[in-house]
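As a plain string of letters, each chain reads:
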Amino acid sequence: MSGPSPTVQEVWVEHPQGRLYTRSWTPAGAPLGTPAPILLVHDSLGSVELWRDFPEALCAATGRRVIAYDRLGFGRSSPRQGPLPPDFIADEARTTVPLLRAQLGLETLIALGHSVGGGMAVHCAAQWPQACVGLVTESAQVVAEEQTLDGIRHAQQQFRQAGQRERLARYHGDRADWVLDAWIRTWLNPAFASWSLASVLPQVSCPVLAIHGSDDEFGSRRHPELIAALCRGPVQVEIIEGAHHVPHREDPERIVALVAGFVAALP
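What you see is a predicted model; the values in this text were computed from it and never measured.

What counts, and where the lines are drawn
Residues numbered from 1 in each chain as written. Predicted model: local features only at pLDDT ≥ 70, side-chain atom pairs only at ≥ 80, totals over all residues. Heavy atoms only, no water. Helix = DSSP H or I, 4+ residues; strand = E, 2+ residues; numbered from the N terminus. Buried < 20%, exposed > 50% of the residue type's maximum accessible area, 1.4 Å probe, protein only. Pairing = 2+ DSSP bridges. Salt bridge = Lys/Arg side-chain N within 4 Å of Asp/Glu carboxyl O. 1 Å grid on protein atoms, 1.4 Å probe; cavity = no way out; pocket = protein on both sides within 12 Å on 5 of 7 lines; lining within 4 Å. Points joined across faces, edges and corners; volume = space filled by probe spheres on them. Nonpolar A, V, L, I, M, F, W, Y, C, P; charged D, E, K, R; others polar.

(A) Structural view of unusual backbone geometry. You will see that R52, though not glycine, has its phi angle at about 55 degrees, which is positive. With respect to the helices and strands, R52 occurs in the loop between β3 (38-41) and α1 (54-62). Classification of R52 by relative accessible area gives partly exposed; the value is 46%.

(B) Spotlight on the pairing of strand β5 (residues 109-114). With 6 of 6 residues buried, β5 lies mostly within the body of the structure. Burial of the side chains of β5 extends over both faces: L109, A111 and G113 are buried on one face and I110, L112 and H114 on the other. Strand direction decides the pairing type here: β3 and β5, joined by 4 bridges, are parallel. In the sheet register, L40 faces β5, and the bridge partner there is L112. Sheet analysis places β5 next to strand β6 (residues 132-138), joined by 6 bridges and oriented parallel.

(C) How the structure looks around the pattern of salt bridges. What the rule picks out here adds up to 11 salt bridges. Residue R76 is joined to E10 by a salt bridge in which the shortest nitrogen-to-oxygen separation is 3.6 Å. Here the residue R76 occupies a position in the loop between β4 (66-69) and α2 (88-104), and E10 occupies one in strand β1 (residues 7-15), the gap between them amounting to 66 residues. Taking relative accessible area as the criterion, R76 reaches 42% and is therefore assigned partly exposed. Exposure remark for E10: the relative accessible area of 48% places this residue in the partly exposed category.

(D) Just the layout of surface pockets, in detail. Here the largest pocket defines a volume of roughly 820 Å³. The wall of the largest pocket is formed by 34 residues, among which D43, L45, F159, V246 and R249 lie closest to the centre. Among the elements of the structure, α4 (146-158), α5 (164-172), α6 (176-188) and α8 (247-250) are those that each provide at least two residues to the lining of the largest pocket. Tallied by class, residues from the lining of the largest pocket come to 12 nonpolar, 15 polar and 7 charged. Size it by volume and the second largest pocket reaches roughly 210 Å³. Lining of the second largest pocket is provided by 13 residues; of these, P83, L84, A182, R185 and T186 occupy positions nearest its centre. Residue classes in the lining of the second largest pocket are distributed as 8 nonpolar, 3 polar and 2 charged.

Here it is as structure tokens:
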């Protein structure tokens, strides 16, 4: 990566149930607050560390501050007890993101969410139409379709193999079992089958970039198609041929370029 390295800062955000770990990348010499920073919302097994080099590359390509955080129960953030509530996707935008905005000084933001984090980012855009100036979804689910559930069932079998949970523990420590069980039990619970973003997407009026891998094992092209059909604002859909569920890891240069091109026109 050419040019000065971004400034990296770690901040703990106070939460009613503990603390949230955050890390931000700020372009050298850039003032905080302008242009709108990019807030990364991770997937069901994700963490700040699992974004790997993506945030720094995104910071360099966009000239914007990039912030990643560990959701409660994940990574370095405080543990979470019990199962996730049925409305946990909406609740992240309703209760946690306001804490991040207040304590990190995020007057405006661009929400970028991967997988279930994409659904949380959708709720952010719907909840704050003035503050959320752009939305990027990557491999986001809009409904609990059978392909999504089949992918989770397959992953459940894989995690029964020796060493798989230990790999997860590298990022989540002694809460790795909770992280895995929260993902599988929530999505495979029959009560979750009716979950949908269909009533939320029409509330999204900001520009949207919907990224989806052509071979995503956790969701068909129906998801980005629904995002494009239901959002009120302009939507750019990008299908990454040959990519699976994590395009930003499989083809990082292309995803960074897509996001950089998209946010270039945003405040």
